[in-house]
Structure formats: C-alpha cells, structure tokens
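Read off the chains here:
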Amino acid sequence: MEPLLPELTLAQRGAFLFGMMLLRYLLFAGGTFLVFYLWKRRAWVRMRIQPRFPDAAQYRREIVWSMSTLVIFALVGLLTFLLGRAGYTQLYLRIGDRSIGWLIISTFLLILLHDTWFYWMHRFLHLPGVFSIAHRTHHRSITPSPWAAFAFHPLEAVLEAAIVPIGVFLIPLHPLAIGLFLLWMILFNVLGHLGYELFPKGFTRHPLGRWSNTSTHHDMHHRFTHCNYGLYFNFWDWLMGTNHKRYHEYFEQVAARRDAAPES
C-alpha cells in the first residue's frame, strides 16, 4: 500500500493532521460561537436551552482541553496511517478500487458504527470510578458552549479517537469517507453543545425526527448526567430506556419559547 502524502515526514504529517483538525474545530465551534454567542446573542436568546450563559473562564477551559484533544486526535490519526501503510487495516486509496456507491455506504456505516461505539463507551465513562478520572472534565460544562465539543480529558480523548482505527480495521474505507465522517462528527458534536435549540416543535415526536438527537437532548445530559447518552441517533437511548423521562416535554418547552417571541 502506498503511503498518503509520501513527501511528508512523520513529524510533518502529524503537524498537518493537527492543523486540519484545528481548522475544523475553529470553523465549526468558533463559527457557531461567533454567530450565536456574539452576533445574534440578544436576538436569538429565546432559543437558549438554559437561560444562563457560560462565563469567560469556562470558555478558556473548554478551549484548552480541546487543544489537548486535538493533539491526541492527530497522534491517533498518525498511528492509523502507519498501521495502514503496514497493511494492517482496510484503508484503500483509489476510489476505483471499490465504487462511488461503496464510498457513500461506507461513510454511513462508519457513522452508525461510531454511534454505537459512542453510546457504550459513554456509558462506560459514567461508571463511578471511571467518571471521576476520565469524564468529569467534560461534565464541568453544565451549561455547554460550542467550545466544549472536544473538551475531553486525555483518557477520554483516546477513547473518542479510537473509532477511526476501529473503523478501518472493520470496514474498507477511503480517506474521503473518513473525511466526510469527521465533518459529520464535528457538526453533531457542536450541535449537541450549542446551547440553542434549532429544531421545530414536534420534531422529537415526528416518525423520522424522533430518531435524531437534538441540542436539547445532549444539553440535558450535561445538566442531569445519567441520561441521554447517545450522539447522533436516539436508537440506543430508546432501546436501553436511557432517555430522560421529560426529554420530549423539555424540548417542546424550548421550541415553544423560541416561537413565542418575535426576533428583534
């Protein structure tokens, strides 16, 4: 198997991966922060899930932990590359070796695999002994902001990043499929920590919408801790009975409050 970006040394490749992940974090987390927390803060305050805004110290803490996470993500990405170059994974470089159809299917399979991995990994992180060591860092943001999307303790960051090597061991994946998955991942991660609800009333009761998680869903996890463990979809929380009992009620309250007040 030919290496990706063969003109780069390992150090350069690691720096490149970190730079790409940092850019992705700044575009999505920073972009939504600028819009929702600065530019439209007053006009869209009715869309807030929790009325209180985080303070500057929380923003700084979330950004610092996220920088640590990005370093770990880059190192895991570098390890995945080395394993692929040694022939231990199912990473392939030419789309023609499979097909466009497989590229699309494999992207969705990776998303579904991650959703399952995240749910059970997340339940593990909430075990009493594990929580105090590896997950309390993330839960310090009771009222999360977009900057909290990657605010993980290093041990949690390793578990979060593990889905990529796991994915390329189990599924034939093209780098483009991994890239599309990573965009989907940060989009939902930022959405879950946005602090604002974007979906309309009735969404969580809709035949299709009920299977998608919302900002309110994960925001409630930060507030109440032992519920709402899912990431993208609501399948596992529904099957395991771990949705907060008042999830739909809280969602409707936020959506109704947003719709009741005209934009100023």
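Heads up: the structure comes first, above all this text.
K.L.:
Report on a nonpolar patch on the surface, specifying residues and quantitative values.
P.N.:
Judged by side-chain polarity, Phe16, Met20, Leu23 and Leu27 come together as a nonpolar surface patch covering roughly 400 Å² of accessible area. Positionally, Met20 belongs in helix α1 (residues 10-39). Looking at Met20, the relative accessible area reads 45%, which means it is partly exposed.

K.L.:
Give me the pattern of salt bridges: which residues, what numbers.
P.N.:
As enumerated under the stated definition, the model contains two salt bridges in all. Here Asp97 ties to Arg94 by a salt bridge, and the two come within 3.2 Å at their closest N and O atoms. Asp97 sits in the partly exposed class, given a relative accessible area of 44%.

K.L.:
Provide a residue-level description of unusual backbone geometry, including the pertinent values.
P.N.:
Even without being a glycine, Thr225 presents a positive backbone phi close to 75°. Structurally, Thr225 can be placed in the loop between α8 (215-224) and α9 (235-240). Residues other than glycine seldom take positive phi values, yet Asn228 does so here, at roughly 50°.

About the criteria used
- Numbering of residues starts from 1 in every chain and runs along the sequence as written.
- Local features are withheld for residues below a pLDDT of 70 in this predicted model, meaning they are given only at 70 or higher, and side-chain atom pairs are given and counted only at 80 or more; totals for whole chains, interfaces and linings count all residues.
- Each side-chain value is worked out from all heavy atoms of the structure, with water and hydrogens disregarded.
- To count toward a patch, a residue needs a relative accessible area above 30% and no salt bridge. Like charges then connect within 9 Å, nonpolar side chains (Val, Leu, Ile, Met, Phe, Trp, Tyr) within 5 Å.
- Residue exposure ignores everything except the shown protein chains as possible cover, and the areas themselves are Shrake-Rupley values with a 1.4 Å probe.
- A carboxyl oxygen of Asp or Glu within 4 Å of a side-chain nitrogen of Lys or Arg is what we treat as a salt bridge.
- To qualify as a helix, a DSSP run of H or I must reach at least 4 residues; to qualify as a strand, a run of E must reach at least 2; elements of each kind are numbered from the N terminus.
- Relative accessibility decides the category of a residue: with a 1.4 Å probe and only protein chains considered, values under 20% of the type maximum give buried, values over 50% give exposed, and everything between is partly exposed.

Worth remembering: the numbers are spatial, not functional.
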